[in-house]
Amino acid sequence: MSGLDPYVWSNLVTVALVVGGLALARFVRGQRLWREASVELWRRRRVAIVVVGVYLVIALLDSIAWKGGVPEGTVGVLPNAPLTVVDRLFLDTKEASYSAPLADVEFYGGRPLRRPGTHLLGTDILGRDVLYMSLKGARVALLIGGLTSLIAIPIALFFGVGAGYFGGRFDDFVFFLISTLASMPGILLLIALIMVMGRGTLSVCVALAVTGWVGFCRLSRAETLKLRELDYVVAARALGVSEPRIIWRHVLPNLAHLIVITFVLMFSGLVLSEAVLSWLGIGVDGSWGQMIDGARDELSREPIVWWNIGAAGTALFGLILAVNAVGDAVRDVLDPRTLRAGE
Amino acid sequence: MSALLEVRDLRTVFPGEGGPTPVVDGVSFDLDRGEVLALVGESGSGKSMTAFSILRLVPKPGRVVAGSVRLGGEDLLGLSVTAMRRVRGRRISMIFQEPMTCLNPVVRVGEQVVEAIRLHEDVSRADARDRTRALFAEVGIPDPEARLDAYPHQLSGGLKQRVMIAMALSTRPEMLIADEPTTALDVTVQAQILTLLRELQQSRGTAILLITHDLGIVNELADRVAVMYAGRLVEIAPRVPLLTEPLHPYTQGLLRSMPARGRPGEPLPEIPGVVPRASEWPRGCRFSTRCPVRFEPCAETYPAESHPAAGRRVFCHDVERRLPSEGAR
Amino acid sequence: MAAYVIRRLAYGVGVVFGVLFLLFVLFFAVTEPDDIARKALGDKAPPEVLEIWKQNHGYDRPLWPWQDWGDNLLFDHYRKMLSFDFGLSDADDSPILDRIRAGMGPSLSLTVPLLVLSLVVAIPLSLVVAFFRETYIDRMGVFLCVLAMSVSTLLYIIGAQFLIGKLLRWYPISGFDSSLAMLPRFLALPLIVGVVSGLGSDVRFYRTVFLEESSRDFVRTARAKGAGESRIMLGHVLRNAMIPILTRVVLAIPFLFMGSILIESFFGIPGLGSMTVDAIQANDFSTLRTMVYIGSLLFVLGQVATDLSYGLVDPRVRFE
């Protein structure tokens, strides 16, 4: 065994996420409060939830990869490369250059296509199927939003709850750290971090997390300060319950709704930020932002190439709109007050 | 002589899960000129909503759906929005429970009273300010000149309530609605504000609709008392007979649970159960779920109005049963 | 009051020191001077050339004080940044301070009108939406806001250029000319794009603020004394909403100097935003860290200004 291939890791992580998701769903079903909240959410935002679900399924289908099963001499595929379900659906669809949706010939020059009439959304400058590229963007977007939140939220909770609960020196330190990070202009810090760490998916996510955790840290610190003074927490402390246990039993559960709301509200901001980073040339490979960036000159061509940017833009817009719509409802259902003022 | 204010079959609803939920349901009463009528009930009984309905200030999405509110013979519910605005503050003023939050925190208090005057009268800012100063003196604010330029947070709760009273009386309204005017204040300040209200009422002859849950205040100030329970009026009577011989079982329970009635050291009797939510109101008498003397018809039909004595009205099957001649009338 | 300002400023100085330390860690400790030199000169540059380059840029000394107390990069970094001696660009050896001076004008000529215009458009719009709360107009407004927020800024920029420049052929698509006669021609399109792309989140924010204020008890008092709805909105609600609005605006002011990265780079406005983008493309670390530093400095000043301006709008605030 000489280390695992990256695609094996990706498969393992995907399985872990699915198992985690199922466990979470089981937990939600078991808790009356959460079950009622999710029923109410479903009642309010059926369409948006289904849309998010579709993106999720596409991303999952693009996350499980295996080798083999590819006929010899398939155009555009390295021999023995691990391919995902989405990859396999679009095997051998590569053309030589631009072609319009459902066209039979190339857009410039009019040479016949290898697979005429099959490219629903046309092909891009390198002849790649635009529908295929757009579908692959779903995984990247969810990775950016999801992975970043998974890094940022625990950090924010650790510092925020710790500072709020224990106070003293640790609180001073955290408060200073937050002030310092918050005073650095977000986008510049983001750029600086990515340039220093090098370009790549992980460094973009880490950079987004570093700039993104501050807000939630502040919120969880303030909430913890309030919770700390509640009678039952004071009573638990007076009874000699250990501090970690109080935090685990009394503080964290009362922050859970804020975690969910933050996660959903953070998500769309992160994906949109990545689009800006792509524009600046430091985004994540395969994202919709990169497709848009790559297509920025296409609208000024004669005749114009619109399907590439159109597809990427619509895919991005659809996900963000659905998540925003769900986010609004999540906030209304779980917490009608706390987050309003500080938006 | 017709009454100053005649409220008839007032009904105010809020949209709820299973259709509109009434918070005020078929309430009727009169308020004479210069009279103090206390509207008594637990929180959630609809007494504040009755007041808001009179002024057409029911918070959205609630609304008045039926009944009439006649002020000097004119139905307020039928007035245009602009005409209603000329009634508010001009003919009917209102003071609230929380003087802390009812004044605009970023506007000087004198300015807020001046605004109230100039909304209804065509007077110069300087004249309005002079009147405000006089009003401040009248409601017992020490050093009124300096207080004119104070911000609300610089005044104590009692002073703020005095400012509210000055504002409410600034246009010499015929009627004042006082919604729990002393609840949020310290006990000593409460007494001062009550005395002030009584003095002003006597010197100016303003009619007051006093909303309270405190029977002590009722005893000090009211001429007549109307008792509300779960959106309905259950009993209305002059102060003395109501406090000494209440007829409705709910009024009786309310009086029994007053500390002054019990002997020290004895537990206060309380009314068993809680006020049911509007969605769980019984078809018949609203109090039937907690009533000690309930019998068959109580849960099924709402009791008709009976008149056990001059000026008294009560809604109770038990009273009806005991006064057959009255009930038949 | 004076004591409060001094304490507030002292904390701000602490924060700036913290920022400088973070920048040092990022740009000196993580990305060592050797890496920067190689990025500037290419991997094949001979070691002597690297050394000369490092000397010219002042990178030729140990990082930490414990390596050499008198002559180290950490102290040097603090000394230079605090005295606004930003040195040379890592990419093209031009003095950074001169370029910042040159870029500030174009940046401000875009961002100041942009801020003013955004306020002028967003606040009345959100007042209208808040005025019609709980009606179809409100619901429609919120829906449009969420819709507008869900579109990436990139698409606004590309869309506007395409629509106005290509289809309607109105304005110069990009470019800049600081002469007063030409300025409006070049700024019109970037301004429109800037205002429209921020409109969704702006209107939603202000609407929330207005709704928050209009649910307060004093609004009920104003109604009870017979004030009309528009008088209540303008006289009472807006006056109280000024507090959160002011916070947002005063905090935005420092960043006016930083320009707008996206809009400037797309429309070819030679401001600080474009400069930042160039720095990214050219691996120009020294310019980038200078920009982050200046941004933080301005932010800290903006925060002090916000705190002080509270005192102007909110009579409850006393500086103790």
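Everything quoted here is computed from the prediction, not taken from an experiment.

*Asks:* Sorry if this is basic, but what is going on with the overall build of chain A here?
*Replies:* When helices and strands are counted, chain A shows 12 helices and 2 strands. Each helix (α) and strand (β) of chain A, taken in turn from the N terminus, gives the series α-α-α-β-β-α-α-α-α-α-α-α-α-α. If you line up chain A on its principal axes, its C-alpha atoms span 80 × 50 × 40 Å. Residue pairs at least 24 apart in sequence account for 64% of intrachain contacts in chain A once pairs closer than 6 positions are excluded. Counting every atom, chain A has about 16,700 Å² of accessible surface; 65% of that belongs to carbon and sulfur. Here chain A holds 31 positive side-chain charges and 28 negative ones, and the gap between their average locations is 8 Å.

*Asks:* Looking at this model, I keep getting lost on the interface of chain B and chain C. Mind explaining?
*Replies:* Put simply, an interface is often sized by how much accessible area is lost when its parts join up. Counting from both sides, the interface comprises 28 residues of chain B and, opposite them, 23 residues of chain C. Counting each side, the surface lost to burial between chain B and chain C is near 2,200 Å², with a carbon and sulfur contribution of 59%. Our enumeration of links across chain B and chain C arrives at 2 salt bridges. With a shortest N-O distance of 2.7 Å, B:Glu115 and C:Arg231 are connected by a salt bridge. On inspection of chain B and its partner chain C, the count reaches 11 residue pairs in polar contact (both at pLDDT 80 or more). Residue assignment for the side of chain B that touches chain C shows that the elements contributing at least two residues are strand 6 (92-95), helix 3 (99-102), helix 4 (109-120) and helix 7 (157-169) of chain B. If one sorts the elements of the side of chain B that touches chain C by residue count, helix 4 of chain B sits on top with 5 residues. Grouping the amino acids of the side of chain B that touches chain C by side-chain chemistry returns 16 nonpolar, 7 polar and 5 charged.

*Asks:* For this particular structure, what's the right way to read the sheet that holds strand 1 (residues 5-16) of chain B?
*Replies:* The strands making up a sheet associate through hydrogen bonds between their backbones, and the pairing can be parallel or antiparallel. All names here are of chain B. The antiparallel open sheet is built from 4 strands, whose spatial order is 2-1-4-5. For this open sheet the edge positions go to strand 2 (19-31) and strand 5 (74-75), each flanked by a neighbour on one side alone. As paired strands, strand 1 and strand 4 (residues 63-71) are joined by 7 bridges and run antiparallel to one another. Opposite valine 13, over in strand 4, you have arginine 63 as the bridge partner. Relative to strand 2, helix 1 (residues 47-54) is tilted by about 75 degrees, and along the sheet it contacts strand 1, strand 2 and strand 4.

*Asks:* Just checking my understanding: could you explain the interface of chain A and chain C for this structure?
*Replies:* The interface is formed by 44 residues belonging to chain A together with 48 residues belonging to chain C. Across the chain A/chain C interface, buried area totals approximately 4,000 Å², and carbon plus sulfur atoms make up 75% of it. Ranking the residues of chain A by area buried against chain C places A:Met195, A:Val196 and A:Trp279 at the top, with a combined share of 17%. Where chain A touches chain C, the interface holds 1 salt bridge. Close ionic contact of A:Asp328 with C:Arg204 constitutes a salt bridge, the shortest N to O distance being 2.9 Å.

*Asks:* How should the nonpolar core be read in this particular structure?
*Replies:* Nonpolar side chains tend toward joint burial in soluble globular proteins. In terms of nonpolar packing, the biggest core is built from 144 residues, with A:Ile191, A:Leu280, A:Trp288 and C:Phe27 touching the most fellow members. By residue number, the principal contributor to this core is helix 10 (residues 243-279) of chain A, which donates 16 residues. Here this core spans two domains, and each of domain 1 (31-61 + 132-338) and domain 2 (94-128) of chain A adds at least three residues to it. Apart from the residues within four sequence positions on either side, A:Trp288 is in contact with A:Tyr55, A:Ser134, A:Gly137, A:Ala138, A:Ala141, A:Ala312, A:Ala315, A:Leu316 and A:Leu319. Ranked by size, the runner-up nonpolar core spans 100 residues in total, among them B:Val109, B:Ile141, B:Ile165 and B:Cys291.

*Asks:* Just to check I follow, could you spell out the packing of aromatic side chains for this structure?
*Replies:* For any pair of aromatic rings, the description consists of the separation of the ring centres together with the inter-plane angle of the planes. Tallied over the full model, the rule gives 24 aromatic pairs over all chains. Here the aromatic rings of A:Tyr165 and A:Phe166 are separated by 5.1 Å at their centres, their planes lie at 80 degrees, and the arrangement is edge-to-face. Following the ring pairs from residue to residue traces out a cluster consisting of A:Phe158, A:Phe159, A:Phe170 and A:Trp213. Its guanidinium or amino end placed over the ring of B:Phe295, B:Arg321 lies 3.7 Å from that ring's centre, counting from NZ or CZ. Above the face of the C:Phe205 ring, C:Arg248 is positioned so that its terminal group lies 4.1 Å from the ring centre.

*Asks:* Would you mind going over the pairing of strand 7 (residues 175-179) of chain B with me for this structure?
*Replies:* Here is the key point about a regular strand: its side chains alternate between the two faces of the sheet. All names here are of chain B. Buried residues dominate strand 7, accounting for 5 of its 5 residues. Where strand 6 lies against strand 7, 4 bridges are found, and the strand directions are parallel. Counterpart to isoleucine 92 in the pairing with strand 7 is methionine 175. Alignment of strand 7 against strand 8 (residues 207-212), held across 5 bridges, turns out to be parallel. Counterpart to aspartate 179 in the pairing with strand 8 is isoleucine 211. For the crossover that starts at strand 7, traverses helix 8 (residues 187-204) and ends in the parallel strand 8, the hand is right-handed.

*Asks:* Is there a simple way to think about the pattern of salt bridges in this case?
*Replies:* Side-chain pairs of opposite charge can arise where the charged atoms are in close proximity. This model, assessed by the stated rule, comprises 43 salt bridges over all chains. One salt bridge in this structure joins A:Arg221 and A:Asp171, with 2.6 Å as the shortest N-O distance. In this pair, A:Arg221 is assigned in helix 8 (residues 201-228) and A:Asp171 in helix 6 (residues 168-183), connecting sequence segments 50 residues apart. Side by side, A:Arg221 and A:Asp171 carry an identical accessibility label, which is buried. Between B:Glu74 and B:Arg91 there is a salt bridge, with the nearest N and O atoms lying 3.6 Å from each other. Taken together, the residues B:Glu74 in strand 5 and B:Arg91 in the loop between helix 2 (81-87) and strand 6 connect sequence positions 17 residues apart.

Analysis parameters
- Residues numbered from 1 in each chain as written.
- Chains lettered and ligands numbered in written order.
- Predicted model: local features only at pLDDT ≥ 70, side-chain atom pairs only at ≥ 80, totals over all residues.
- Heavy atoms only, no water.
- Helix = DSSP H or I, 4+ residues; strand = E, 2+ residues; numbered from the N terminus.
- Contact = heavy atoms within 4.5 Å.
- Areas by Shrake-Rupley, 256 points an atom, 1.4 Å probe, with all protein chains shown as cover.
- Lys, Arg positive; Asp, Glu negative; His and termini not counted.
- Charge placed at Lys NZ, Arg CZ, Asp CG, Glu CD.
- Buried area = accessible area lost by both parts, 1.4 Å probe.
- Salt bridge = Lys/Arg side-chain N within 4 Å of Asp/Glu carboxyl O.
- Polar contact = N/O pair within 3.5 Å; in protein donor to acceptor, adjacent residues only side chain to side chain.
- Nonpolar A, V, L, I, M, F, W, Y, C, P; charged D, E, K, R; others polar.
- Pairing = 2+ DSSP bridges.
- Axes fitted to C-alpha atoms, helices over the stretch in contact; angles between N-to-C directions.
- Core = buried A, V, L, I, M, F, W, Y, C linked by side-chain atoms within 4.5 Å.
- Buried < 20%, exposed > 50% of the residue type's maximum accessible area, 1.4 Å probe, protein only.
- Domains from an automatic or database assignment.
- Phe/Tyr/Trp six-rings, centres within 6.5 Å; stacked < 30°, edge-to-face > 60°.
- Lys NZ or Arg CZ within 6 Å of the ring centre and 35° of its normal.
- Right-handed = clockwise from strand over helix to strand, strands pointing away.

So far we have only geometry, and geometry alone does not tell us how the molecule works.
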